[in-house]
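Structural description and commentary
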Amino acid sequence: MELFAMSTLSNSTNIFWHECQVGKPAKQKLLNQNGCVVWITGLSGSGKSTLACSLSRELHSKGKLSYVLDGDNLRHGLNKDLGFKPEDRTENIRRTGEVAKLFADAGLICVASLISPYRRDRDTCRAMLPDANFIEVFMNMPLELCEARDPKGLYKLARAGKIKGFTGIDDPYEPPISCEIELNQENGVCPTPTFMAGKVVTYLEEKGFLGYLRVWWI
Ligand SMILES: Nc1ncnc2c1ncn2[C@@H]1O[C@H](COP(=O)(O)OS(=O)(=O)O)[C@@H](OP(=O)(O)O)[C@H]1O
Ligand SMILES: Nc1ncnc2c1ncn2[C@@H]1O[C@H](COP(=O)(O)OP(=O)(O)O)[C@@H](O)[C@H]1O
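Residues numbered from 1 in each chain as written. Chains lettered and ligands numbered in written order. Predicted model: local features only at pLDDT ≥ 70, side-chain atom pairs only at ≥ 80, totals over all residues. Heavy atoms only, no water.

**Details of the site of ligand 2**
The local shell around ligand 2 holds 15 residues, among which Gly45, Lys48, Ser49, Thr50 and Pro191 are the closest. With respect to ligand 2, the backbone of Gly45 contributes an N or O atom lying 2.7 Å from an oxygen atom. A distance of 3.2 Å is found between an oxygen atom of ligand 2 and a backbone nitrogen or oxygen belonging to Ser46. Relative to its free-state accessible area of 550 Å², ligand 2 is covered by the protein chains to the extent of 71%. Elements represented by at least two residues in the shell around ligand 2 include exactly α3 (48–61) and α9 (193–206). With three residues, α3 is the single largest residue contributor to the shell around ligand 2. Here the shell around ligand 2 is built from residues that sort into six nonpolar, seven polar and two charged. (Near = heavy atom within 4 Å. Polar contact = N/O pair within 3.5 Å; in protein donor to acceptor, adjacent residues only side chain to side chain. Areas by Shrake-Rupley, 256 points an atom, 1.4 Å probe, with all protein chains shown as cover. Helix = DSSP H or I, 4+ residues; strand = E, 2+ residues; numbered from the N terminus. Nonpolar A, V, L, I, M, F, W, Y, C, P; charged D, E, K, R; others polar.)

**Some remarks on the site of ligand 1**
Residues in close proximity to ligand 1 total 20 residues, the closest being Ser44, Arg75, Asn92, Ser116 and Lys152. Here an oxygen atom of ligand 1 sits 3.3 Å away from a polar atom, N or O, in the side chain of Asp72. One of the side-chain N or O atoms of Arg89 is found 2.9 Å from an oxygen atom in ligand 1. Expressed as a share of its isolated accessible area of 620 Å², the protein-covered part of ligand 1 is 92%. Partitioning the shell around ligand 1 into residue classes produces seven nonpolar, seven polar and six charged.

**Section: the confidence of the model for the protein chain**
Looking at the protein chain, the pLDDT average stands at 94 and 93% of residues meet or exceed 70. The ipTM, which scores confidence in the relative placement of chains, is 0.99 for this predicted complex, and the corresponding pTM is 0.95. (pLDDT = per-residue confidence, 0-100.)

**Some words on unusual backbone geometry**
Excluding glycine, residues mostly have negative phi values, and the peptide bonds linking residues are mostly trans. Although it is not a glycine, Ser116 adopts a positive phi angle of roughly 40°. Looking at the secondary structure, you find Ser116 in the loop between β3 (109–113) and α6 (119–127). Judged by its relative accessible area of 1%, Ser116 falls in the buried class. (Buried < 20%, exposed > 50% of the residue type's maximum accessible area, 1.4 Å probe, protein only.)

**Description of the sheet that holds strand β2 (residues 66–70)**
Read from one edge of the open sheet, five strands run β2-β3-β1-β4-β5, paired in parallel fashion. The open sheet terminates on both sides in strands that have one partner only, identified here as β2 and β5 (181–183). Each strand axis lies, on average, 15° off the axis of its neighbour in the sheet, ignoring direction. Pairing between β2 and β3: five bridges, direction parallel. (Pairing = 2+ DSSP bridges. Axes fitted to C-alpha atoms, helices over the stretch in contact; angles between N-to-C directions.)

**Some details on the side chain of Asp88**
Looking at the element boundaries, Asp88 is found in helix α5 (residues 86–105). The buried charged residue Asp88 lacks any salt bridge partner; its closest oppositely charged side chain belongs to Lys85, at an N-O distance of 4.2 Å. Only 2.7 Å separates the side chain of Asp88 from the backbone nitrogen of Gly83, close enough to count as a polar contact. Not counting chain neighbours up to four residues away, the residues in contact with Asp88 comprise Leu82 and Gly83. (Lys, Arg positive; Asp, Glu negative; His and termini not counted. Salt bridge = Lys/Arg side-chain N within 4 Å of Asp/Glu carboxyl O. Contact = heavy atoms within 4.5 Å.)

**Description of the side chain of Ser116**
At 2.8 Å, the side chain of Ser116 forms a polar contact with the backbone oxygen of Leu114. When residues no more than four places from it in sequence are discounted, the contact partners of Ser116 are Trp39, Ile40, Thr41, Ile93, Arg122 and Tyr173.

**Concerning the packing of α5 against α6**
The geometry of α5 relative to α6 is characterised by a closest axis approach of 9 Å and an angle of 20° between their N-to-C directions. In terms of their interaxial angle, α5 and α6 are classed as roughly parallel. Every pair of crossing elements has a handedness; the one defined by α5 and α6 is right-handed. On α6, the residues touching Arg89, Thr90, Ile93 and Gly97 of α5 are Asp121, Arg122 and Cys125. Residue composition of the contact of α5 with α6, by class: two nonpolar, two polar and three charged. (Parallel < 35°, antiparallel > 145°, perpendicular 65-115°, else oblique. Left-handed = near helix turned anticlockwise from the far one by under 90°.)

Below you can see the structure in the form of structure tokens.
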């Protein structure tokens, strides 16, 4: 069962999965939490990195171990060979999904914050884990807000045609059809990062991720 869950399609042949005695349940018990992936998706400037850091801080203050995989940061190392063509974005998300799966297997709350604009790529990452362990969080902020924020000046460059294939301008963003958590403006105002992180923490608490509980789907 575990062996099946961890195997993926591969170009390599004659390879075998080696199981280690210290498995996921033992690590989760040690950490008193259950590993999972919180996948934050949304437009550039929607607040993904801010939420990821706020969430990580909240979890830390509760004595829970998390790790943030941020798209911008990963593109400085693991994914530095990739650009923004559709196939590069797909590979970016696939690699990040695989790394996130490893962190979850280590018992951590892995927080991935990437635009991840294509639904199929996000679903591929979801399929890497038992379904309940992939928590998709949609930062549903209007393009106008993200563009008004424009902290890196990239929307301005995209509007001027100096960046091609910018998400939301001349490259698509496909919103989730059904995600675990959707965060919106309330009465035209964006909630604070702490408030939004609190919503995610409440979800994790309610689903039993913040305490060790050995159940069949973990
Ligand atoms: N063409 C284009 N489209 C979108 N974003 C661009 C582009 N070029 C550079 N950037 C910057 O790269 C950051 C997004 O990286 P990601 O790895 O999250 O993107 S993706 O998931 O592969 O689509 C993104 O960071 P965030 O603003 O934090 O989302 C941008 O700063
Ligand atoms: N909840 C929020 N309320 C107000 N401003 C925010 C909020 N979240 C993020 N910001 C601001 O919006 C900008 C983009 O946030 P960031 O987290 O970098 O977005 P992303 O990672 O999606 O590109 C930053 O200047 C940040 O300070």
